[in-house]
Amino acid sequence: MQLITCPWCGPREETEFRYGGQADLAYPADPSALDDEQWARFLFFRDNPKGTFAERWCHDAGCRRWLRAVRDTRTYVFAETGPYGSFPRRSARPERSA
Amino acid sequence: MNSPVPPGAALPDHPDFLWRTPEPKPSYDVVIVGGGGHGLATAHYLAQNHGITNVAVLERGWLAGGNMARNTTLIRSNYLWDESAAIYEHSLKLWEGLEDDLGYPILFSQRGVLNLAHTEQDVRDSVRRVEANRLNGIDAEWLGPDEVAKICPIVNVSDDIRYPVQGATYQPRAGIAKHDYVAWGFARRADEAGIDIIQDCEVTDFVVDGDRVTTVRTSRGDIACGTVALCAAGHTSVLLDRLGVRTPLQSHPLQALVSELLEPVHPTIVMSNAVHVYVSQAHKGELVMGAGVDGYNGYGQRGAFHVIERQMAAAVELFPVFARAHLLRSWAGIVDVTPDASPIVGHTPYANVLVNAGWGTGGFKATPGIGWAFADTVAHGRPHPLVAPFALDRFVTGALVDEHGAAGVAH
Amino acid sequence: MSRVDGYGRIDRTRTLAFTFDGVGYTAHPGDTLASALLAHGVTTLGTSIRLGRPRGVMGAWTEDPGGLVQIEEPFPEPMLLATTVDVVDGLVARGVAGQGRLAEVADTARYDHRHVHCDVLVVGAGPAGLVAARTAARAGLDVVLVDDRPTPGGTLTGTETVDGRPAPEWVDAVVAELAAAPHVTHLQATTAFGHYDDGFVLALERRGEGSDGGARARDHRIRAGRVVVAAGAIERPIVFEDDDRPGVMLASAARDLLHRHGVLAGREVVVFTVDDSAYAAALDLRQAGASVRVLDGRSEVPPGWTRRCAELDVPVEAGTDVRGTLGSDRVRAALVGESRREVPCDLLLVSGGWNPTAHLFSHVGGPLRWDPELVAFRPAGELPRTTVVGAANGTYALADVLREAGGEDAPTAPPEEITPRGMLWRTAGDPARQFVDIARDATVADIARAVGAGMTSVEHVKRYTTIGTAHDQGKTSGVLASGVTAELLGRPVESLGTTTFRPPFTPVPFAALAGRDRGDLFDPVRTTAVHAWHVAAGAVFEDVGQWKRARHYPAPGEDMAAAVLRECAAVRGSVGIMDGSTLGKIDVRGPDAGVLLDHLYTNLMSTLKVGRVRYGVMCGNDGMVFDDGTVLRLAEDRFLVTTTTGNAAHVLDWMEEWLQTEWPHLRVRLTSVTEQWSIFAVAGPRSRDVVGRVFGDVDVSNDAFGFMTWQDTTLDGVPVRLARISFSGELAFEVSVDAWHAPDLWARLVAAGAEDGITPYGTETMHVLRAEKGYPIIGQDTDGTVTPHDLGMSWAVSKKKPDFVGKRSFARPVATDPQRKQLVSLLPTDATTTLPEGSQIVALPDDGRLPPPPVPMLGHVTSSYRSAALGRPFALALVAGGRDRVGEVVGIPVGDMLIAAQIGGTVLVDPEGARRDG
């Protein structure tokens, strides 16, 4: 059982966290513009590297905030963790209310 | 003291010879990547059913040292959906004749499986699965708590547990087998047929010409190939990444454990999804258990201890007599799971590369069945009907075979 | 008796009685079962698993492959090593033949978990561990020191000196210093059995049967800044013919028995060694009164030790070996050298060198490498947070051990001369009688067969021969098997390596790992604020997620069917009340709350007016329904979302995930208020009267309080929210109040309804009433493969919104297949059969008989009840192309029968919706 460094709470037990799979996948800007193949890729296809992997974790039983982590899937060692969203990514942005 | 040798403690003798240790040849008609149960079974049936013997099985470590050596050896076919039931039932029928087919004492023991229901919804899902199984010609029964206790008296069916047992599905033909022996039995027959089993031979890359792979690059040199059949379980993604082929596979640690040897106490197999444990008592007398998959992706062949602790709590909750049994050894495998908890079998974008992966927790029980159907697929270059529903394109059409929906039962 | 005066740490002033194999014996506090039996001359404890050969104690502690026992009293426990069982008064034990027996009753002992945090965890209180702990303590660090044996000292039990003092004295001084130091926890009888990432170590403290009514064992879950592995080393046997005979023992074990327990394990001793360390055992046993002879397998013997042997009349023979043993249940002679000369003995001590106990280093992936000088595999390489010191690291000489563990603060010990160690796996002889793993009856011949069969990996040899798979997990046999295999393959042992060390280091009782997580504590039990009332009313409960929900309230003599018919009739005929507090509730607040909900629900929520309520469905990205519920707009910037009971946490997680990871720019905050609000449904044609009576200030008329609207009010100053929401099709109100005031409000509603015969109803009645209206229960009528369209809820799927979660998947080929399974009703044509939920549906053959399998299935029954309103049973079902089959009669196999049922629309009661406004 590992210690995972939450950017807000510091190192905490793995059991406080929930795994969220691959990071940095943006919800498509316009899903209706995608063909079935493209939509399936967004829905189901994820990287599965043996080695460095950028992931999402949620500090579920703590501050409940999502974080981004870089971890080695062979050793499970976390190279870094940081706030989710602290990196460039493209995302569909539902407009804010006026 | 001086008691006779306890029942079940003795194991059968192994054959004097199992397999050769050949040097890889420059070229093979079929190169099977992965010397686990599926790769070896595919090799055996390629030779036996199709007469294809210019075949190499490449294993990066020691033969059958991956999930084949790490699973909890449960065999059953009581799956919900027709597609799953068909391949697993085909497999179970092969299991029933496998000892003769392989000429190897694989200790296949049909002791039945109880899948416990703990909530009203569990009961509905269980009945649904039993009725589907029966219409598919698979032995299945729904049992009330008293009948559960008759089959397995050590299950606590009283109301004094957190989630009382409401009943169970029962498949009498389910069973267990000795995993290593199964692998060795397939390996021996494949070796006898002239197939080269090559250990310590890691596939590092592929040489591609157009839509074909011409050569497999390995830690022991280049090997030219007719067809490439991938049977690499948790490492499938690593291989397909080399070819630029993406799949929805994710590799996770899955832990299991055994107790010390105990006098016979548990006559069947019990699985509980709600309470998260499954347990049988193997031939030598050890309790064999597994639990849920560790949450994160991992290739480390180890998991977190809180998963084991939770599993022990579930075991003692359901089987109070297990309290002073001892955890003797725990370990982990790498399971490759898919979004619908069903395998991916069939063609890839490369014309001569076929994939068989994504079996998650179901790989062992499928071994002869998928070996049979995958060999047929390799031999004929088109999906065998039993694997056709498990093609990769189902994720595009949406025609999933969702076995972890409400009625799905893992493991 | 082989007890010798002046030795051991046993309390000879007290005597304990115990029984072994039906014979009564005595022991002293401080004895193990092994030492007590050996003191009485009992050398054979059981029989071997395959061959039925006698088995006795061979090791001193957890490495022993031979002395397995079954405890019967005070409580049955299987497969313990006699060397690790403390004798207590009344202990009943017996030898076993390789299999243990579980108790037939539940274990009522308590087992605790303890969470421990420290700067340094030291594993092992031998010389290395004591010095390491002392050094850390002197530096002011938080230290935890654990040692698996009952008393500290490790190998410092005998004749060594440290800092010029007898070792036991030095040990006592260090222990006293640690006890006096702040921030030091020192636990004996505590085995560190597993090491996981980031300094996480599991340690099992054995506290004894019924210790003061407290826990029998504690599982310490230790998180350490640094783990110092000072676990020592395990002596390795040498393989020869009949090396499994009782009386053959590791040299270190005999020495340990003498110094810890005052037991001289033999009077006529032969020591066979290729390592200097066995000389200490030879001399100690000699001084305790045994006659001793040393056979050194090396051509060069250690001069210092040989000199001391000569002084004590211990002959030393160099360049010879033991080829076999004679005897029956106990060794009577060693067969020595090429000539197999008989050398009489009743104890044959063996030392083939030592294997560092590096398990806790390996558990976290630490690599081992072969050290030819050490003749052992030792830790190689660095691991974060982990240090290995002393014998566990391959450092054997005491002075070196102390220096390695203590640095500048290390105590001193006399220097030792080391004669090069010999590498000897086995001597010449009949491989079929040379036991490598005594616990598994596995011999050199078995390894030879495995190698002959084509096996070249130690993992294969292990599996072929079962070496290393017994209770001891190969502590003495593992490396030996590698050595013998390497020899047979003609390869160097380093090219084979060892099999992997896996947790736990020693066996751990299941119950100790389960701890208190059993029964009600296995999973939290959640109850509503009104739970006590339900209990008092005789409710039967069902588990829904972690919640206990009242399923029905049987009157005396009623079964569930009767109770539910009565409850249903009451609701449709007058008024009923149900505790719906388990519904998930999420407060969604912020200027962009409507935007978020529009994206997560299939229908439009942002257009909902303040004061109104809307039903909504949520789908996953795959377009499959995963939750539903009502949404109240509390203010322009605030909504209250309700979820299904079992899915509340999941829905909140889902909303947070989108909000934080996809649309963090949206100004929304989400708060679970499930526990804060209790909700009661008051349903039935008289519900308006009841609610009106309790809330006199509120105009509950249909004009003033329309369907799907809500109003806030107060009752004696307590805020209450009323909503016109119906899950039964009847006129109904949902009454919400904070959990603290909920019991009182419930009582007032029940009292106010007395004149209308208000009837409490449970989840089963709620299910029947909603099913009569065709309202699905998510998770019962759906299974993760059902879209809103399949449920006939296209009306709840917005066509205006450009996108929402799940929308794109509705356009996949499979989602538009007319043969998708759709929700319909089924009416059994016999009007009497209640179809079992879960039943499969097939085409009804002309002859009405089920054909042989495989039979194609059309769908399955998702919900099925007897209806008071309809006066007959009915069901909901998912049926392929169901809506196009309305009117069709299908078959449902029930047992041996095939029941006919007609497919219909889902709304069976009040299809025009006339009842909801009263």
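These numbers come from a predicted model, not from an experiment.

Asks: Summarise the overall build of chain B; cite the residues concerned and give the values.
Replies: Regarding its fold elements, chain B presents nine helices and 18 strands. The C-alpha radius of gyration of chain B comes to 21 Å, within 12% of the 22 Å expected for a compact globule of 411 residues. Across its three principal directions, the C-alpha atoms of chain B cover 65 × 60 × 40 Å. Within the span of chain B, comprising 411 residues, buried residues form 69% of the whole. Considering only contacts within chain B whose residues lie at least 6 apart along the sequence, 77% involve residues at least 24 apart. Within chain B, one finds 30 positive and 45 negative side-chain charges whose respective centroids are separated by 2 Å.

Asks: Provide a residue-level description of the packing of helix 2 (residues 82–102) of chain B against helix 8 (residues 363–380) of chain B, including the pertinent values.
Replies: Residue and element names in this part refer to chain B. Between helix 2 and helix 8, the shortest axis-to-axis distance is 7 Å and the interhelical angle comes to 95°. By the angle class used here, helix 2 and helix 8 are roughly perpendicular. Seen from helix 2, the contacting residues are Ile 87, Tyr 88, His 90, Ser 91, Leu 94, Trp 95 and Leu 98; seen from helix 8, they are Phe 364, Lys 365, Ala 366, Thr 367, Pro 368, Gly 369, Ile 370, Trp 372 and Ala 373. Residue composition of the contact of helix 2 with helix 8, grouped by class: eleven nonpolar, four polar and one charged.

Asks: Describe the pattern of salt bridges, with residues and values.
Replies: All chains considered together, the criterion is met by 97 salt bridges over all chains. Residue Arg 808 of chain C pairs with Asp 36 of chain A through a salt bridge whose shortest N-O separation is 2.7 Å. Residue Arg 808 of chain C is located in the loop between helix 20 (763–772) and strand 45 (821–828), and its partner Asp 36 of chain A is located in helix 1 (residues 36–44); the two belong to separate chains. With a relative accessible area of 8%, Arg 808 of chain C lands in the buried category.

Asks: Break down the packing of aromatic side chains for me, citing the residues and quoting the values.
Replies: Tallying each qualifying case throughout the model produces 40 aromatic pairs over all chains. Connected via pairs of aromatic rings, a cluster forms that spans Tyr 27, Trp 39 and Phe 42 of chain A together with Phe 626, Trp 654, Trp 658 and Trp 663 of chain C. Here the guanidinium or amino end of Lys 178 of chain B rests over the ring plane of Tyr 181 of chain B, the centre of that ring lying 5.7 Å away. Here the basic side chain of Arg 721 of chain C rests over the ring of Trp 710 of chain C, its NZ or CZ set 5.3 Å away from the ring centre.

Asks: So what about helix 2 of chain B? Which residues, and what values?
Replies: All names here are of chain B. Over its 21 residues, helix 2 runs 28 Å from end to end, which matches the ideal 30 Å to within 8%, given 1.5 Å per residue. Along helix 2, the sharpest change in direction is near 50° and occurs at Glu 96. Among the residues making up helix 2, those that are buried are Ser 84, Ala 85, Ile 87, Tyr 88, Glu 89, Ser 91, Leu 92, Leu 94, Trp 95, Leu 98 and Leu 102. Looking one or two places after helix 2, you find Gly 103, whose phi comes out positive at around 60°.

Asks: How would you summarise the nonpolar core if you had to cite specific residues and measurements?
Replies: Grouped together as the largest cluster of nonpolar side chains are 87 residues, with contacts concentrated most on Ile 32, Trp 95, Val 182 and Trp 184 of chain B. If you look at the next biggest cluster of nonpolar residues, it comprises 64 residues, including Leu 114, Val 148 and Ala 313 of chain B together with Ala 511 of chain C.

Asks: Run through the confidence of the model for chain B, naming residues and quoting values.
Replies: Residue and element names in this part refer to chain B. Scored by pLDDT, chain B comes out at a mean of 93, with 96% of its residues at no less than 70. Contacts for the low-pLDDT stretch residues 1–8, under 50 throughout, to residues beyond four places or in other chains number 19 contacts. Among the scores for the predicted complex, ipTM is 0.95 and pTM is 0.95.

Asks: Lay out the confidence of the model for chain A with the relevant residues and their values.
Replies: Of the residues in chain A, 87% reach a pLDDT of 70 or more, and the chain-wide mean stands at 89. Here helix 1 of chain A stands out as the element of chain A with the lowest mean pLDDT, 94, in contrast to strand 4 (residues 52–58) of chain A, whose mean of 97 is the highest.

Asks: Break down the sheet that holds strand 12 (residues 250–261) of chain B for me, with residues and values.
Replies: As a general point, the strands of a sheet are linked pairwise by backbone hydrogen bonds and lie either parallel or antiparallel. Read across the open sheet, the nine strands follow the order 5(B)-6(B)-4(B)-13(B)-14(B)-15(B)-12(B)-16(B)-31(C); overall the sheet is mixed. Edge positions in the sheet fall to strand 5 (141–143) of chain B together with strand 31 (508–509) of chain C, since each of these pairs with one other strand and no more. One ladder, built from four bridges, connects strand 14 (residues 277–281) of chain B with strand 15 (residues 286–293) of chain B; its direction is antiparallel. The residue of strand 15 of chain B that forms the bridge with Gln 281 of chain B is Leu 287 of chain B. Strand contacts of helix 3 (residues 120–135) of chain B: strand 4 (113–117), strand 5 and strand 6 (167–171) of chain B, with the helix running at about 150° to strand 5 of chain B, the strand carrying the most contacts.

Asks: Report on the side chain of Ser 126 of chain B, specifying residues and quantitative values.
Replies: All names here are of chain B. Position of Ser 126 among the secondary structure elements: in helix 3. Only 2.6 Å separates the side chain of Ser 126 from the backbone oxygen of Asp 122, close enough to count as a polar contact. Non-local contacts of Ser 126, meaning those with residues more than four positions away in its chain, are made with Ala 117, Trp 142 and Thr 169.

Asks: Tell me about the interface of chain C and chain B, and name the residues and values.
Replies: The interface is formed by 103 residues belonging to chain C together with 86 residues belonging to chain B. In this assembly, chain C packs against chain B so that about 8000 Å² is buried in total across both faces, 55% of it on carbon and sulfur atoms. When the area that chain C buries against chain B is broken down by residue, the three leading residues are Gln 99, Phe 510 and Phe 522 of chain C, summing to 12%. Inspection of the region where chain C meets chain B yields twelve salt bridges.

Asks: So, the sheet that holds strand 48 (residues 872–880) of chain C: which residues are in play, and what are the values?
Replies: The six strands are arranged 45-48-47-46-49-50 (chain C) in a closed barrel whose pairing can be described as antiparallel. Recorded for the sheet is a direction-independent mean angle of 45° between the axes of neighbouring strands. Those strands touched by helix 3 of chain B are strand 46 (840–843), strand 47 (859–867) and strand 49 (889–894) of chain C, and its axis lies near 35° from that of strand 46 of chain C.

Asks: Run through the pairing of strand 15 of chain B, naming residues and quoting values.
Replies: Residue and element names in this part refer to chain B. Burial of strand 15 is extensive: six of the eight residues sit out of reach of the surface. Strand direction decides the pairing type here: strand 12 and strand 15, joined by five bridges, are antiparallel. Its bridge partner being in strand 15, Leu 254 is matched across the sheet by Val 293. Where strand 14 folds back on strand 15, the antiparallel hairpin that results is connected by four residues, among which Gly 285 adopts a positive phi of roughly 120°.

Asks: I'd like a description of the interface of chain B and chain A, backed by residues and values.
Replies: Listed as interface residues are 27 residues of chain B and, on the opposing side, 23 residues of chain A. Across the contact surface, chain B and chain A share one salt bridge. We note a salt bridge from Asp 47 of chain A to Arg 246 of chain B, for which the minimum N-O separation is 2.3 Å. Taken together, the connections running from chain B to chain A amount to 16 residue pairs in polar contact (both at pLDDT 80 or more). For the side of chain B that touches chain A, the elements supplying multiple residues, two or more each, are helix 6 (236–242), strand 12, helix 7 (305–318) and helix 9 (394–397) of chain B. In terms of residue count, the dominant contributor to the side of chain B that touches chain A is strand 12 of chain B (three residues). Taken together, the residues that form the side of chain B that touches chain A break down as 13 nonpolar, eleven polar and three charged.

Here is what the cut-offs are and how they apply
- Residues numbered from 1 in each chain as written.
- Chains lettered and ligands numbered in written order.
- Predicted model: local features only at pLDDT ≥ 70, side-chain atom pairs only at ≥ 80, totals over all residues.
- Heavy atoms only, no water.
- Helix = DSSP H or I, 4+ residues; strand = E, 2+ residues; numbered from the N terminus.
- Rg over C-alpha atoms; globule rule 2.2 N^0.38 Å.
- Buried < 20%, exposed > 50% of the residue type's maximum accessible area, 1.4 Å probe, protein only.
- Contact = heavy atoms within 4.5 Å.
- Lys, Arg positive; Asp, Glu negative; His and termini not counted.
- Charge placed at Lys NZ, Arg CZ, Asp CG, Glu CD.
- Axes fitted to C-alpha atoms, helices over the stretch in contact; angles between N-to-C directions.
- Parallel < 35°, antiparallel > 145°, perpendicular 65-115°, else oblique.
- Nonpolar A, V, L, I, M, F, W, Y, C, P; charged D, E, K, R; others polar.
- Salt bridge = Lys/Arg side-chain N within 4 Å of Asp/Glu carboxyl O.
- Phe/Tyr/Trp six-rings, centres within 6.5 Å; stacked < 30°, edge-to-face > 60°.
- Lys NZ or Arg CZ within 6 Å of the ring centre and 35° of its normal.
- Expected span 1.5 Å × (residues − 1).
- Bend = angle between axes of the 7 residues up to and from the residue.
- Core = buried A, V, L, I, M, F, W, Y, C linked by side-chain atoms within 4.5 Å.
- pLDDT = per-residue confidence, 0-100.
- Pairing = 2+ DSSP bridges.
- Polar contact = N/O pair within 3.5 Å; in protein donor to acceptor, adjacent residues only side chain to side chain.
- Buried area = accessible area lost by both parts, 1.4 Å probe.

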